[in-house]
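# Structural characterization, general
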Amino acid sequence: MDKTILIELSYIVSAVLFIYGIKMLGSVDTARRGNRISALGMFIAVVATLLVQGMQYQYIVAGVIVGGTIGTVAALRIQMTSMPEFVALFNGTGGLASLLVGWANYQARMDGWSEGVPEEELISVVAIFLAVLIGGVTFTGSLIACGKLAEIPWHIESRLKKSETGLVALLLKAVRWPVKLTLDSKPVMYKGQQIVNSVLFALVLVCGAAFVYDPAGMYLPFLLSLVLALVLGVLFTIPIGGADMPVIISLLNSYSGLAACAAGFVISNTVLIVSGSLVGASGIILTKIMCKAMNRSLANVLFSGFGSTTTKTAKSVQGEAKPITAEDAYYVLEAASSVVFVPGYGMAMAQAQHAVRELGDLLQENGAEVKYAVHPVAGRMPGHMNVLLAEANVPYEQLVEMDDINPIMETVDVAIVIGANDVVNPAAREDEGSPIYGMPIINVDYAKTVFVLKRSMRAGFAGVDNPLFVAENTRMLFGDAKRSVEALVSGFKS
Amino acid sequence: MQLDLLYLLFTFVLAIFLGFELISKVPSQLHTPLMSGANAISGITIVGALIAAGNVENPAIATFLGFVAVVCASINVTGGYLVTDRMLAMFKSKSGKK
């Protein structure tokens, strides 16, 4: 059989395996097998490509060994709590790869275009520009998202306080300003931001048009659009705040797929187009789900830092929070026959997931029915809390979604809120002036008793007051979430 | 050529629809693994990278860019799949089976 046909057939096989793999990722029982099937699809695609006529293998082997080692070591070493930043980082490398594929093809083919581009290759030229543009935005956007998620500015600040003298401190001081400027987990906004972004975007399009018109002669506009794409990735991501990260990660995920898709059009390769668009579509759907879970439009997330669109003023919260000691909380829990945990990003920060599971198990031994209710945007990426609880060996049958827990919330004896704030804020339901009004929440305030584990009375990410904390049935258990939970655990053990 | 382009676009549009169909049914507790699994699939751009790095007729600069692309795409592919596998290994049901 002709080798080209064999290669094309292998691509079809791997596309089928990707589709099948994604389908199986949709259910817990088959998900792991699904991921492996999709990996097999990737393997087949790579092997088939190696059979292409006229290949030299030394650079390929070197590249695969270097990249494969980095990827493997990173994947096996990372902590589950750092998952969001690593997914962002891996995503960025995919975007960069697509950019480079576009650029390499331009370098290889531009001599042939010096007499004008033949009609049948015009699509490649347009696709090269798109691969560079989308790939570039994905790359730097993901890097910024990764830095924001890893809270790098905060780490620098805390290092600075400890080592105030010496070379290290000098270095830290030197990088503090640019890092803070781009990587702060709060939105970074400045006047005329959208005008700057629009002007730069228009400039990219102009460069792109020039490039498509005469690719061989327009090398500088090409490089300029490459640089601008990288700059735009940064500028698009810095106004996004920490709480909006689930949206932006999903969106960047979608971009990386579309960049691969563009690379597919560059080399007229169907497997790239199919898998790239699958990823693009999946990212868009996740983005939509995340936006819906926050009751905001994508445009609102992308272009305005949180809360800047509301004109009405929120009601200020009246009343006093009622603190409770771990010992008293233990007595209440001992008598409870149904308990729901509502985790948020604070649980990840305190690394409290194992202690929480231990408490859950003890409650169950004590005869209570235990569930874990997870809000779709709890944490910093879609499904973040589920991964952490799974890491702590919480069986997935105990994990329930918002829509399933809300109808039965009134029958729950104790709802324990751990490091969550905005996703349980009743103001979203009741106070039309609140910036988060309309966002679906987990109605913990309907439970008979609510324990809120919290460091202090600080407002949440959104900076919105939370009437839950002063509600009649709420008791505040102040302190580090992990220690508080451990105190409850030791109550059950003694 | 017209037909070729149309055929590629046709593939593109169908795949987008297929993607929408497949993903809308995924429960929210699997969103993280789904995302990182999809992320690994976007590393398919490695195919383009391999061709760019391996084509003997390519000028040196294209080969070099291709080489860097192979490195990046390999990170994306191996890292993405392994991390997803690690995460999914943790999702256990009460009976202990996966």
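Here we summarise the structure given alongside this text. What you see is a predicted model; the values in this text were computed from it and never measured.

### As for the overall build of chain B
- Along its length, chain B carries 4 helices and 0 strands.
- In sequence order, the secondary structure elements of chain B are arranged as α-α-α-α.
- The C-alpha radius of gyration of chain B comes to 18 Å, more than 25% above the 13 Å expected for a compact globule of 98 residues.
- The dimensions of chain B, computed from C-alpha atoms along their principal axes, are 55 × 35 × 15 Å.
- Counting across all 98 residues of chain B, residues that qualify as buried make up 62%.
- Surface exposure of chain B reaches about 3700 Å², of which carbon and sulfur atoms provide 71%.
- Computed over 6 positive and 4 negative side-chain charges, the inter-centroid distance for chain B is 29 Å.

### Considerations on the overall build of chain A
- Secondary structure summary: chain A contains 19 helices and 6 strands in total.
- For 494 residues, the compact-globule estimate of 2.2 N^0.38 gives 23 Å, and the C-alpha radius of gyration of chain A, at 26 Å, lies within 12% of that figure.
- Along the longest, intermediate and shortest principal axes, the C-alpha atoms of chain A span 80 × 55 × 50 Å.
- Relative to its 494 residues, chain A shows a buried fraction of 56%.
- Summarising the internal contacts of chain A: among those between residues at least 6 apart in sequence, 77% fall at separations of at least 24.
- Taken as two groups, the 34 positive and 39 negative side-chain charges of chain A have centres that lie 6 Å from each other.

### Description of helix 13 (residues 326-335) of chain A
All names here are of chain A.
- Those residues of helix 13 that sit buried are Ala329, Tyr330 and Leu333. Summarising the axial view, the buried residues of helix 13 lie within an arc of 105°, below the 170-degree limit, and thus occupy one face. The outward face of helix 13, more than 90 degrees from its buried face, is lined by the exposed residues Glu327 and Ala335.
- Summarising the contacts, the buried residues of helix 13 are in contact with strand 1 (338-343), helix 15 (353-365), strand 4 (414-418), strand 5 (449-454), strand 6 (474-478) and helix 19 (481-493).

### Re helix 19 of chain A
All names here are of chain A.
- Taking 1.5 Å of rise per residue, the 13 residues of helix 19 would be expected to cover 18 Å, and the 19 Å separating its terminal C-alpha atoms lies within 8% of that figure.
- The complete set of buried residues in helix 19 reads Ala481, Ser484, Val485, Leu488, Val489, Gly491 and Phe492. All buried residues of helix 19 lie within an arc of 155° about the axis, which places them on one face of the element. Along helix 19, the residues that are exposed and aim more than 90 degrees away from the buried face are Arg483 and Lys493.
- As for helix 19, its buried residues are in contact with helix 13, helix 14 (345-350), helix 15, strand 4, strand 5 and strand 6.

### Here we look at the packing of helix 4 (residues 83-109) of chain A against helix 10 (residues 245-266) of chain A
Residues and elements named next belong to chain A.
- At their nearest, the axes of helix 4 and helix 10 sit 9 Å apart, and the two run at 20° to each other. Classified by the interaxial angle, the pair formed by helix 4 and helix 10 is roughly parallel. Crossing geometry of helix 4 relative to helix 10 is assigned as left-handed. Residues Pro84, Asn91, Ser98, Val101, Asn105 and Arg109 of helix 4 touch helix 10, and the partners they reach there are Ile249, Leu252, Asn253, Ser256, Ala259, Ala260, Ala263 and Val266.

### Some remarks on the state of the cysteines
- Within this structure, the stated rule accounts for 0 disulfides over all chains.
- Note on Cys72 of chain B: no disulfide assigned, nearest cysteine sulfur contributed by Cys146 of chain A at a separation of 14 Å.

### Brief notes about the environment of Phe265 of chain A
All names here are of chain A.
- Looking at the secondary structure, you find Phe265 in helix 10.
- Taking the relative accessible area as the measure of exposure, Phe265 reaches 9% and is therefore buried.
- Between the C-alpha atom of Phe265 and that of Val126, which follows or precedes it by 139 residues, the distance is 8.8 Å.

### Thoughts on the interface of chain A and chain B
- Listed by partner, the interface residues are 103 residues for chain A and 83 residues for chain B.
- Interface area, chain A with chain B, both sides summed: about 8200 Å², of which 76% is carbon and sulfur.
- Broken down residue by residue, the surface that chain A buries against chain B is led by Leu25, Arg32 and Met42 of chain A, which jointly contribute 8%.
- Along the contact surface separating chain A from chain B lie 2 salt bridges.
- Here chain A and chain B share 18 residue pairs in polar contact (both at pLDDT 80 or more) between them.
- With 17 residues, the single largest contributor to the side of chain A that touches chain B is helix 11 (residues 270-293) of chain A.
- Tallied by class, residues from the side of chain A that touches chain B come to 60 nonpolar, 33 polar and 10 charged.

What counts, and where the lines are drawn
- Note on numbering: residues in each chain are counted from 1, in written sequence order.
- Each chain takes a letter, starting from A, and each ligand takes a number, starting from 1, following the order in which they are written.
- Local features in this predicted model are restricted to residues of pLDDT 70 or higher, and side-chain atom pairs are both shown and tallied only at a pLDDT of 80 or more, whereas totals for entire chains, interfaces and linings draw on every residue.
- Each side-chain value is derived from all of the structure's non-hydrogen atoms; neither hydrogens nor water enter the calculation.
- The helix count covers DSSP runs of H or I at least four residues long, the strand count covers runs of E at least two residues long, and both are numbered beginning at the N terminus.
- Two things to know: the radius of gyration comes from C-alpha atoms, and the globule rule equals 2.2 Å times the number of residues to the power 0.38.
- To sort residues, take the accessible area from a 1.4 Å probe on protein chains only and compare it with the maximum for the residue type: under 20% means buried, over 50% means exposed, and anything in between is partly exposed.
- The method behind every accessible area is Shrake-Rupley, applied with a 1.4 Å probe, and residues are considered shielded solely by the protein chains displayed.
- Positive: Lys, Arg. Negative: Asp, Glu. His and the chain ends are not part of the count.
- Where a charge lies is defined by one atom per residue type: Lys uses NZ, Arg uses CZ, Asp uses CG and Glu uses CD.
- Between two residues, a contact is recorded if the distance between any of their heavy atoms is within 4.5 Å.
- As used here, the arc is the angular range of directions from the helix axis to the C-beta atoms.
- By definition here, a helix of n residues has an expected span of 1.5 Å times n minus one.
- Lines fitted to C-alpha atoms define the axes here, with helix axes fitted over just the stretch in contact, and angles between the N-to-C directions of these axes take values from 0 to 180 degrees.
- Our angle categories are set so that under 35 degrees counts as roughly parallel, over 145 as roughly antiparallel, 65 to 115 as roughly perpendicular, and the remainder as oblique.
- Note on convention: near helix rotated counterclockwise from far helix by under a right angle means a left-handed crossing. Clockwise means right-handed.
- The term disulfide is used for any two cysteine sulfur atoms that are within 2.5 Å.
- By buried area we mean how much accessible surface two parts lose on assembly, using a 1.4 Å probe and totalling the loss over both.
- Whenever Lys or Arg places a side-chain nitrogen within 4 Å of a carboxyl oxygen from Asp or Glu, that contact is recorded as a salt bridge.
- Nitrogen and oxygen atoms within 3.5 Å of one another constitute a polar contact, given that in protein one can donate a hydrogen and the other can accept it, and given that sequence-neighbouring residues count only through two side-chain atoms.
- Here the term charged refers only to Asp, Glu, Lys and Arg, the term nonpolar to Ala, Val, Leu, Ile, Met, Phe, Trp, Tyr, Cys and Pro, and the term polar to all other amino acids, Gly among them.

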